[in-house]
Amino acid sequence: MVKAFRFCCLAISMAFAAPALNAAEKPQRIASLNVCTDQLVLALAQRSRIASITFLAVNPDTSYYHQQAQNIPINYGTAEEILGIKPDLIVAGSYTTPATTALLRKLGHRVELFAPDDSLKQMRTNIKRMASLLGEVQKGQQLIRDMDIRLAGVAQTGRKPVAVIFRANGFTMGRHSLINDILTIAGFRHLSAEMSMARAGFLPLEKMIAADPALIIFGKYKPEHPSIAHQLLEHPALSMLLALRASGKKRDSIVIPSNLWNCGGPFIVEAVEKLAQKRKALLKAEVSP
Amino acid sequence: MTPKSSPSSSPVSIIIDENAAKPRIGFSLLVGILSFLIVLLFFASLAAGPVSISFFQILSSLKGGDQSLIHIIIEQIRLPRAILAITVGATLGLAGAALQGLLQNPLAEPGLIGVSGCAALGAVIMFYTGISAVFALALPLGGIVGALIAVVAIYGLAGRESSILTLVLAGVAVNAFAAALTTLALSLSPNPYAAFEIFFWLLGSLADRSLSHVYLSLPLMVLGWVLLLSMGRALDALTLGEDTARSLGFNLGRVQAQVVIGTALAVGAAVAISGIIGFVGLVVPHLLRPLVGYQPGKLLLVSALGGAVLTSAADIAVRFVMNGPELKLGVLTALIGAPFFLYLILQIRKEMR
């Protein structure tokens, strides 16, 4: 029974995986099972080589490259959809679709898993690795170089105001997160990290108000469809806090589109620049009220 | 509680006296104790939360004036919560006592018979379609219409003086239907957060409600309270049977309509703000009934006060149960209420034998 199964696997793997090996470095039918691997594939590979991306890749709320993603076949992370398109490389997140990726591996497919981008360092590692898997090493290096040039242009001198990200239901990111690194590089102190939150968690509304951050970064997802989760972001206590004029402290809020920093990619530079601009305005307002 | 007719110029008061089993404590003392507990819990509710705030700071921020962070937390976050725990709790206790009086059925409770469930459905429809975002009053009105449909349906299905079993079965049916439609409505929302909010609607919570929720719901709840609290004498008379009540000058149709509308107004407005908080209307009237000599009329006011006490206490307790998103209020009231419900069933079985 086991033998028969193994043989079956071998046969399938020879049928599907063999061409991938022959085609040397550059896979020609790439399938992605995670919105963040979608982003890297879309940034690095020619469109004609992308066989399938997730349904989230075409959604502007979740995907930066949603326009480039139009008309590429989409999947919902199930093995059946992926088998149908006969991919020669499957990239996926290490946590998001474990059952599917395990099954696809069993069937002999080449599956490469990517750890979530929980820091700028991890993001660079992921970009480099994806670039080499796709046979686009130079393009990957170029992406990182361009990014570093723009990041170097962001001023970090001067006082560091406290910022916090406040999403639906009061969900916030902690010390080990891409968002933490982005806030740091944009010249902010990060409230949740200072409250020793590790990765992510819920920040009670009144605790955030007592901490009195200079910048509240709202994260919204489909706010045009009502939910109690988003109602919290419109709580009158928040607008009262932002309107508070005590002790000359300037407070502000900003909405960073979630597709700019939920995944790692070259686009996070835009998030950093938006935040750095806000910081400049905050510091200026404090100097000359 | 055997009905006796007695000739008198003011029949109702005489009947009440005859009906009265000896209450262990005086009515005004009971009202006083419960009111005192409400005041105590109100301040405890203002003091309880993840940010520690001293009692002195609470008092000074209640007086208003300075616009500090503490003031924002107390006035905008904790005050609405403390008020809503009292008003929603009072509504549930009062509606339970009134329904039990009208239906002559000890298990009539807004949650059990599906009134709260339908109110939640009405509010869910108004909220997630975005209607209440344009027209805020639509939220409580949706709850009221839902509650009204449920009370009328239950009345039609079970009727007055129906068996306990019929009423509970009718309630199970109405509840199941309302819960299914609520889940469907939430699942149909394109916002992924909506599906998780099924917990809020089916188990209730007062976390992070704002003063605007108080303004939206309180006037409608008060209107419902007035209708229900003025039913005391009619409900007392009803314990003697419909014919006697009628001969005492009570228009049965009007009494029914007033209890139904009062319940719908108060429960509908409450549930639209808090979600379904179960069992308060069951536990509170049952605990207090012996203390008011089994008089449905006197039970109304004390059940309202008792409901406020129980709900406020439960709403303070949920803040300490766990880290992160707090426990839903309805979980706690069900933990208290469900065993109580079972106990009541055993009692009723004993009586039936």
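All figures in this text were calculated on a predicted structure; none of them were measured in a lab.

A. Local environment of the overall build of chain B. The helix and strand tally for chain B stands at 17 helices and 0 strands. A globule of 353 residues ought to have a C-alpha radius of gyration of about 20 Å, and chain B, at 20 Å, matches this closely. Burial status across chain B gives 52% buried among its 353 residues. Pairs at least 24 residues apart make up 80% of the contacts formed inside chain B by residues separated by at least 6 positions.

B. The arrangement of the overall build of chain A in detail. The helix and strand tally for chain A stands at 13 helices and 11 strands. Scored against the burial criterion, the 289 residues of chain A give a buried share of 43%. Contacts in chain A between residues at least 24 apart in sequence constitute 63% of all its contacts with a sequence separation of at least 6.

C. Fine view of helix H2 (residues 27–47) of chain B. Residue and element names in this part refer to chain B. Between its terminal C-alpha atoms H2 stretches 30 Å, which fits the 30 Å expected from 21 residues at 1.5 Å a residue. Among the residues of H2, Leu-30, Leu-34, Leu-41, Ser-45 and Leu-46 are the ones counted as buried. Buried residues in H2, looked at end-on, bunch into an arc of 140°, giving them a common side. Summarising the geometry of H2, the exposed residues directed more than 90 degrees from the buried face are Ser-28, Leu-29, Phe-36 and Val-39. Residues of H2 that are buried make contact with helix H3 (55–62), helix H4 (69–103) and helix H16 (296–321).

D. Examining the domain arrangement of chain A more closely. Residue and element names in this part refer to chain A. You can read the domains of chain A as domain 1 (2–150) and domain 2 (157–287). With 20 residues of domain 1 at the interface, the matching set in domain 2 holds 16 residues. Of all elements in the fold, only helix H2 (35–44), helix H6 (120–133) and helix H7 (137–152) reach the threshold of two or more residues within the side of domain 1 that touches domain 2. The element best represented in the side of domain 1 that touches domain 2 is H2, accounting for 5 residues.

E. Geometry of the nonpolar core. B:Leu94, B:Ala98, B:Ala147, B:Leu228 and B:Ala266 are the most contacted members of the largest nonpolar core, which has 188 residues in total. Of the residues forming this core, the biggest block, 21 residues, is contributed by H4(B). Each of domain 1 (2–150) and domain 2 (157–287) of chain A gives at least three residues to this core. With near-sequence residues (within four places) excluded, B:Leu94 lies in contact with B:Trp225, B:Leu228, B:Ala266, B:Leu300, B:Ser303, B:Ala304 and B:Gly307.

F. Looking closely at the sheet that holds strand S8 (residues 189–190) of chain A. Spatially, the 4 strands line up as an open sheet ordered S8-S6-S10-S11 (chain A), and their pairing is parallel. Each edge of the sheet is formed by a strand with only one pairing partner; in this case those strands are S8 and strand S11 (252–255) of chain A.

G. Inspection of the sheet that holds strand S2 (residues 50–54) of chain A at higher detail. Residues and elements named next belong to chain A. Ordered in space as S3-S2-S1-S4-S5, the 5 strands form an open sheet in which the pairing is parallel. Strands with a single pairing partner mark the edges of an open sheet, and in this sheet they are strand S3 (74–75) and strand S5 (111–114). Sheet analysis places S2 next to S3, joined by 2 bridges and oriented parallel. If you follow Thr-54 over to S3, its bridge partner there is Asn-75. Set on the sheet, helix H5 (residues 98–106) makes contact with strand S4 (89–93) and S5; between it and S5 the angle comes to about 150°.

H. Inspection of the confidence of the model for chain B at higher detail. All names here are of chain B. Averaged over all residues, the pLDDT of chain B equals 88, while 91% of them reach at least 70. The model gives residues 1–19 a pLDDT under 50, and that stretch makes 23 contacts with residues more than four places away or in other chains. Both scores are available for the predicted complex, with the pTM at 0.84 and the ipTM at 0.81.

I. Quick peek at the environment of B:Met221. All names here are of chain B. Position of Met-221 relative to the elements: it lies in helix H11 (residues 211–229). Spatially, the C-alpha atoms of Met-221 and Val-321 are 29 Å apart, while their sequence positions differ by 100 residues. Non-local contacts of Met-221, meaning those with residues more than four positions away in its chain, are made with Thr-87, Thr-91, Ala-266, Ala-269 and Ala-270.

J. View of the interface of chain B and chain A. Contacts between the two partners involve 27 residues from chain B, matched on the other side by 25 residues from chain A. Elements with a contribution of two residues or more to the side of chain B that touches chain A: H4, helix H5 (115–128), helix H9 (192–196) and H11 of chain B. No other element matches H4(B), which puts 5 residues into the side of chain B that touches chain A. Each residue belonging to the side of chain B that touches chain A can be placed in one class, and the counts come to 15 nonpolar, 10 polar and 2 charged.

K. Here's a closer look at the pairing of S5(A). All names here are of chain A. Direction of pairing for S4 relative to S5: parallel, over a ladder of 4 bridges. Its bridge partner being in S5, Ala-92 is matched across the sheet by Leu-113. With H5 bridging S4 and its parallel neighbour S5, the resulting β-α-β unit is right-handed.

L. Unusual backbone geometry, seen in detail. Residues and elements named next belong to chain A. Of note in the backbone geometry, Asn-71 takes a positive phi value of approximately 75° without being a glycine. Here Asn-71 lies in the loop between helix H3 (66–69) and S3. Owing to 8 C-beta atoms within 10 Å, Asn-71 belongs among the exposed residues under this scheme. We note that Asp-212 has phi near 55°; this positive angle belongs to a residue other than glycine.

M. Main features of the confidence of the model for chain A. On average, chain A scores 86 in pLDDT, and the residues at 70 or more come to 89%. Segment residues 1–23 of chain A is flagged for pLDDT under 50; beyond a separation of four residues in sequence, or across chains, it makes 19 contacts in the model.

N. Inspection of the packing of helix H7 (residues 138–158) of chain B against helix H14 (residues 252–274) of chain B at higher detail. Residues and elements named next belong to chain B. Contact pair H7 / H14: the axes reach a minimum separation of 7 Å and the direction vectors enclose 135°. When the axis of H7 is compared with that of H14, the two are oblique. Handedness of the H7/H14 crossing: right-handed. Contacts between H7 and H14 pair Leu-139, Pro-140, Gly-142, Gly-143, Ile-144, Gly-146, Ala-147, Leu-148, Val-151, Val-152 and Tyr-155 from the former with Val-260, Thr-263, Ala-264, Leu-265, Val-267, Gly-268, Ala-269, Val-271 and Ala-272 from the latter. For the contact of H7 with H14, the per-class residue count stands at 15 nonpolar, 5 polar and no charged.

O. Just the environment of A:Ala79, in detail. All names here are of chain A. Here Ala-79 shows up in helix H4 (residues 79–84). C-beta crowding within 10 Å serves as the criterion here: with 20 such atoms nearby, Ala-79 is assigned to the buried category. For Ala-79 and Arg-189, which are 110 residues apart along the polypeptide, the C-alpha to C-alpha distance reads 43 Å. Setting aside anything within four residues of it in sequence, one finds Ala-79 in contact with Thr-100, Leu-103 and Leu-104.

Parameters at a glance
- Residues numbered from 1 in each chain as written.
- Chains lettered and ligands numbered in written order.
- Predicted model: local features only at pLDDT ≥ 70, side-chain atom pairs only at ≥ 80, totals over all residues.
- Helix = DSSP H or I, 4+ residues; strand = E, 2+ residues; numbered from the N terminus.
- Rg over C-alpha atoms; globule rule 2.2 N^0.38 Å.
- Buried ≥ 20, exposed ≤ 12 C-beta atoms within 10 Å, placed from the backbone.
- Contact = placed C-beta atoms within 7 Å.
- Expected span 1.5 Å × (residues − 1).
- Arc of directions from axis to C-beta.
- Domains from an automatic or database assignment.
- Core = buried A, V, L, I, M, F, W, Y, C linked by C-beta atoms within 7 Å.
- Pairing = 2+ DSSP bridges.
- Axes fitted to C-alpha atoms, helices over the stretch in contact; angles between N-to-C directions.
- pLDDT = per-residue confidence, 0-100.
- Nonpolar A, V, L, I, M, F, W, Y, C, P; charged D, E, K, R; others polar.
- Right-handed = clockwise from strand over helix to strand, strands pointing away.
- Parallel < 35°, antiparallel > 145°, perpendicular 65-115°, else oblique.
- Left-handed = near helix turned anticlockwise from the far one by under 90°.

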